[in-house]
Amino acid sequence: MEFEYGNFKVSFKYGMEYLHVTAKITFIALFFGVVIGLVVAVVRHYKIPVISQILTVFVTLYQGLPVMVALLIYNLLFSFYIADIIRILHLNVQVRDVDNIVVAYFTLSLAAITSISETFRGAFVSVEKTQYEAGHAVGLSKLQTLRRIIIPQMIPVAIPGLINNMVGTIKGTSLVMTIGVMEVMNASLIPCSRTYSFLEGYVAAALIYWTFTLVLETIARVFEKRTKCYRENITN
Amino acid sequence: MKNIFSWDRLWKVIPQLNPYIGVSFRIVLSGLVFGTLLGLAVAVLRIKKILIINQILSVYISFMRGTSMLVQLMIIYYGLPLLLKGTIGVDINSWDKLMFVKATFILNEGAFLGELFRAAIESVPAEQREAGYSINLTGPQVFFRIVLPQAVKTAIPAYGVDVIGMFHNTSIAFTLGVIDLVGRAKTIGIGTGHLIEAYVYVAFIYIIVSIILKLLFYLLDRKFTFGTEGTVH
Amino acid sequence: MIEIKNIKKSFGKNEVLKDVSLKVDKGEVVVLLGPSGSGKTTLLRCINFLEKADEGTLTIGEDTVELHKISNKDKRKLRGKTGFVFQNYGLFKNKTAIQNITEGLIVGRKIPKAEAIKKAEEVLEWVGMSDKRDYYPSKLSGGQQQRIGIARAVALDPDVILFDEPTSALDPELVGEILGVIKKVADKGITMIVVTHEMAFAQDVADKVVFMDGGVVVEEGKPSDVFYHPKEERTRQFLSRILPEEPDYYI
């Protein structure tokens, strides 16, 4: 067995063709992660009765569950119930036409929501109590204080943590190869099934992931640098 | 709808899975022990900023941070035998698959813990070192008696998160065909045609162990307070 | 008993010490004065090898070394004769008050543990910190931390103690009590080199005042001479800024 550069090039080309799938999974997960994660963090931060306790238990337990295991379970449930779902919703599609990429969206979104909500929750704590009191003192309502005073101060503090969440999400996307979704990793391996030499495929996939992560991280770091002054204002 | 889950099958599957919890622990343990040693070496080398070595290490760290462990595992599984045979002529094709998993975990942890330790060591203010020198301690005494204890304290929470993450990552070992919890769950599924009960129990184990680990590190962190939390006397 | 000759030190292109020499006799208290950036702290740090000087020699007692090519062995030998009190106290955060003091005695000096603890308890008592014996620095105020810092230096029985702006990180109301402790150290007859901006203290305690500016010694002499009859214009300017003869206004 040797490392064939030619095979590597073919694998790289295949992998790149499916980069948009990996990117799509990443961005969908991050979108829901940020939006719903923020809501979860707010509910928990303001200790809204019942919902807050339920979310605390859920987030604590769910963080103990590896993404891989979650993915396998959801995929199993999906394949088990998809026929029923189609029938109940009267959808005009065939079972074999439904792509289980929705399982990938769901699993990674849920993982992103829990981890990003924790990032936001930590950032909330960094905003001083007097900021809330000052907001109320000038006659803002609770929601106005949150939206106009607290969240703008909390976001810059959350950014370094969010970057870590983002890197984690990109890495998570490669796991979906195990449920057969065609993305960078599986696509890079397509040529390998002909050559029976897999190293080239995996190296190609690794390079694509690595570059993808580095590019997104670099963009995020620029943003992080720009907001540095706000962060220092708040944490000092 | 069909009956996908049965409690009976769950009770039956538990004793079949339990013996395989140890496989995950063994992976974590070698990652922890050798990863910590490798990480310390990486941290010290990075702090010393030796030319070339520093560049090589930052590429190594960037790769480990920027790609998933699944990719790393596969590259090591297919690539390491090739590399070792090509360079020093050692044939490791007969290695147990678990060995490749462990090797991946050690290399991955070396990078992550290396960065963690470096940040923790560099977070100790220069004055702490100077104070050590001023009372005539030697360089190694200053490092081991003053800097390291303070760095360890700083590193504990992140170390805990890292160990739990490592434990979660053991769930990818099955992709190589290693029979760990997930791997065993799959073989049970093939044998009986019922997978979900095994998966549910696997999920349960991962959640419980994660919470226990979290608690342990919380207590460890509390122990290393140096008077910064709670009241002393 | 301490003699520094022709010390030079640059940070990059910035020449912080340009050929400074200083002599301190046994039991003498020398106060280093000067605007910030004048090199006084760097000089102090070079004496304790916390900075490596580019040139110059240092003599403490019988031992003379060349500062730019000193061996680790000589470094430790000479450091063993000095104590250092830091601006930000420099207490080991992972050690209690008494452990901060015994650390140097047991590990540095190899004094038996029981003896070291006895010695440490004595100095704690002496600086009035006996009741804080087992507190970590994070539980102590700045003034209390600096008392421990001074006790740590005194416990080592050094030939000379170097004080680097020991009160400048303190709240104004705590400065007086720490200066009181430093005066107590001076009264013991210990040789001291003190970098400070506290003029009243300098006048009261110092045997000699050394005024530095721009990396050189501009003027030195008795406090009464330097403060009230400065020979140099630069000294006069500096003093007029921090020692107003007459208050500009009354409340």
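Provided above is the structure to which this section pertains.
Residues numbered from 1 in each chain as written. Chains lettered and ligands numbered in written order. Predicted model: local features only at pLDDT ≥ 70, side-chain atom pairs only at ≥ 80, totals over all residues. Heavy atoms only, no water.

**With respect to the sheet that holds strand β3 (residues 29-33) of chain C**
All names here are of chain C. Taking strand neighbours across the sheet as the criterion, the six strands line up as β6-β7-β8-β3-β9-β10 in an open arrangement whose pairing is mixed. Looking at which strands have only one partner, the edges of the open sheet turn out to be β6 (82-85) and β10 (216-221). Here the strands of the sheet are splayed against their neighbours by 20° on average, with no regard to which way each runs. (Pairing = 2+ DSSP bridges. Helix = DSSP H or I, 4+ residues; strand = E, 2+ residues; numbered from the N terminus. Axes fitted to C-alpha atoms, helices over the stretch in contact; angles between N-to-C directions.)

**Points about the interface of chain B and chain A**
Accessible area lost upon the coming together of the parts is a frequently used measure of interface size. Facing 36 residues of chain B, the contacting portion of chain A comprises 38 residues. When the buried surface of chain B facing chain A is broken down by residue, Ile4, Arg65 and Tyr78 of chain B rank first, second and third, together holding 18% of it. Across the chain B-chain A interface, the total number found is one salt bridge. Arg65 of chain B serves as the salt-bridge partner of Glu217 of chain A, at 2.8 Å between the closest nitrogen and oxygen. It is helix α9 (residues 196-223) of chain B that provides the largest number of residues to the side of chain B that touches chain A, a total of nine residues. In the side of chain B that touches chain A, the residues fall into 23 nonpolar, nine polar and four charged. (Contact = heavy atoms within 4.5 Å. Buried area = accessible area lost by both parts, 1.4 Å probe. Salt bridge = Lys/Arg side-chain N within 4 Å of Asp/Glu carboxyl O. Nonpolar A, V, L, I, M, F, W, Y, C, P; charged D, E, K, R; others polar.)

**A look at the interface of chain B and chain C**
If you look at the interface, chain B gives 25 residues, while chain C gives 30 residues. Counting each side, the surface lost to burial between chain B and chain C is near 2,400 Å², with a carbon and sulfur contribution of 54%. Linking chain B to chain C there are two salt bridges. Two residues, Arg145 of chain B and Glu103 of chain C, come together in a salt bridge whose shortest N-O distance is 2.4 Å. Across the contact surface, chain B and chain C share nine residue pairs in polar contact (both at pLDDT 80 or more). At the level of elements, α6 (126-134) and α7 (139-169) of chain B are the ones that each hand at least two residues to the side of chain B that touches chain C. Here the side of chain B that touches chain C gets seven residues from one element, more than from any other, and that element is α6 of chain B. Of the residues contributing to the side of chain B that touches chain C, the split by class is nine nonpolar, twelve polar and four charged. (Polar contact = N/O pair within 3.5 Å; in protein donor to acceptor, adjacent residues only side chain to side chain.)

**A short note on unusual backbone geometry**
Despite not being glycine, Val50 of chain A shows a phi value in the positive range, around 65°. In this fold, Val50 of chain A is placed in the loop between α2 (19-45) and α3 (51-62). The phi angle at Phe49 of chain C is positive, at roughly 60°, despite the residue not being glycine.

**Topic: helix α5 (residues 142-155) of chain C**
Here α5 of chain C is 14 residues long and its end C-alpha atoms lie 20 Å apart, about the 20 Å a rise of 1.5 Å per residue gives. Of all the positions in α5 of chain C, only Gly143, Gln145, Gln146, Arg147, Ile148, Gly149, Ile150, Ala151, Arg152, Ala153, Val154 and Ala155 of chain C are classed as buried. Looking at the packing, one finds that the buried side of α5 of chain C touches α6 of chain B together with β6, α3 (97-108), α4 (113-126), β7 (160-164) and α6 (172-187) of chain C. Just past α5 of chain C, the residue Asp157 of chain C takes up positive phi, approximately 50°. (Expected span 1.5 Å × (residues − 1). Buried < 20%, exposed > 50% of the residue type's maximum accessible area, 1.4 Å probe, protein only.)

**Structural notes on the side chain of Arg45 of chain C**
Residues and elements named next belong to chain C. One can find Arg45 in helix α1 (residues 40-47). Residue classification places Arg45 among the buried residues on the basis of a relative accessible area of 14%. Looking at Arg45, its side chain comes within polar contact range of the side chain of Glu51, at 3.0 Å.

**Focus on the packing of aromatic side chains**
Applying the stated rule across the entire model yields 23 aromatic pairs over all chains. Between Phe31 of chain A and Phe32 of chain A the ring centres are 5.4 Å apart and the planes differ by 70°, which places this aromatic pair in the edge-to-face class. Directly above the ring of Tyr135 of chain C sits Lys132 of chain C, whose terminal nitrogen or CZ lies 5.1 Å from the centroid. (Phe/Tyr/Trp six-rings, centres within 6.5 Å; stacked < 30°, edge-to-face > 60°. Lys NZ or Arg CZ within 6 Å of the ring centre and 35° of its normal.)

**Notes on the packing of α5 of chain C against α6 of chain C**
Residues and elements named next belong to chain C. Taken N-terminus to C-terminus, the directions of α5 and α6 make an angle of 10°; their axes are 10 Å apart at the nearest point. Considering their axes alone, α5 and α6 lie roughly parallel with respect to each other. The segment α5 lies against α6, with Gly143, Gln146, Arg147, Ile150 and Val154 engaging Leu174, Glu177, Ile178, Val181, Ile182 and Val185. Residue composition of the contact of α5 with α6, grouped by class: seven nonpolar, two polar and two charged. (Parallel < 35°, antiparallel > 145°, perpendicular 65-115°, else oblique.)

**Brief notes about the pairing of β10 of chain C**
Residue and element names in this part refer to chain C. In terms of strand pairing, strand β9 (residues 208-213) meets β10 through five bridges, oriented antiparallel. Residue pairing in the sheet places Val210 in a bridge with Glu220 of β10. Counting the residues between successive antiparallel strands, the hairpin from β9 to β10 contains two residues, one of them, Gly214, with a positive phi of roughly 60°.

**Regarding the environment of Glu198 of chain C**
Residues and elements named next belong to chain C. In this structure, Glu198 sits in the loop between β8 (191-195) and α7 (199-205). Here the alpha-carbon distance between Glu198 and Glu165, two residues 33 residues apart in the chain, equals 9.2 Å. With residues near it in sequence (within four places) discarded, Glu198 still touches Thr167, Val175 and Leu179.

**Describing the sheet that holds strand β2 (residues 14-24) of chain C**
All names here are of chain C. Spatially, the four strands line up as an open sheet ordered β2-β1-β4-β5, and their pairing is antiparallel. Two strands close off the open sheet at either side, each with one partner strand: β2 and β5 (63-66). The mean inter-strand angle of the sheet, taken between neighbouring strand axes irrespective of direction, is 15°. Relative to strand β4 (residues 55-60), strand β1 (residues 2-11) runs antiparallel, the two being bridged by five bridges. Bridge pairing links Glu3 to Thr59 in β4. Taken strand by strand, α1 contacts β1, β2 and β4, and its axis lies near 115° from that of β1. Each of β4 and β5 is contacted by helix α2 (residues 72-79), which is oriented at about 135° to β5, the strand it contacts most.

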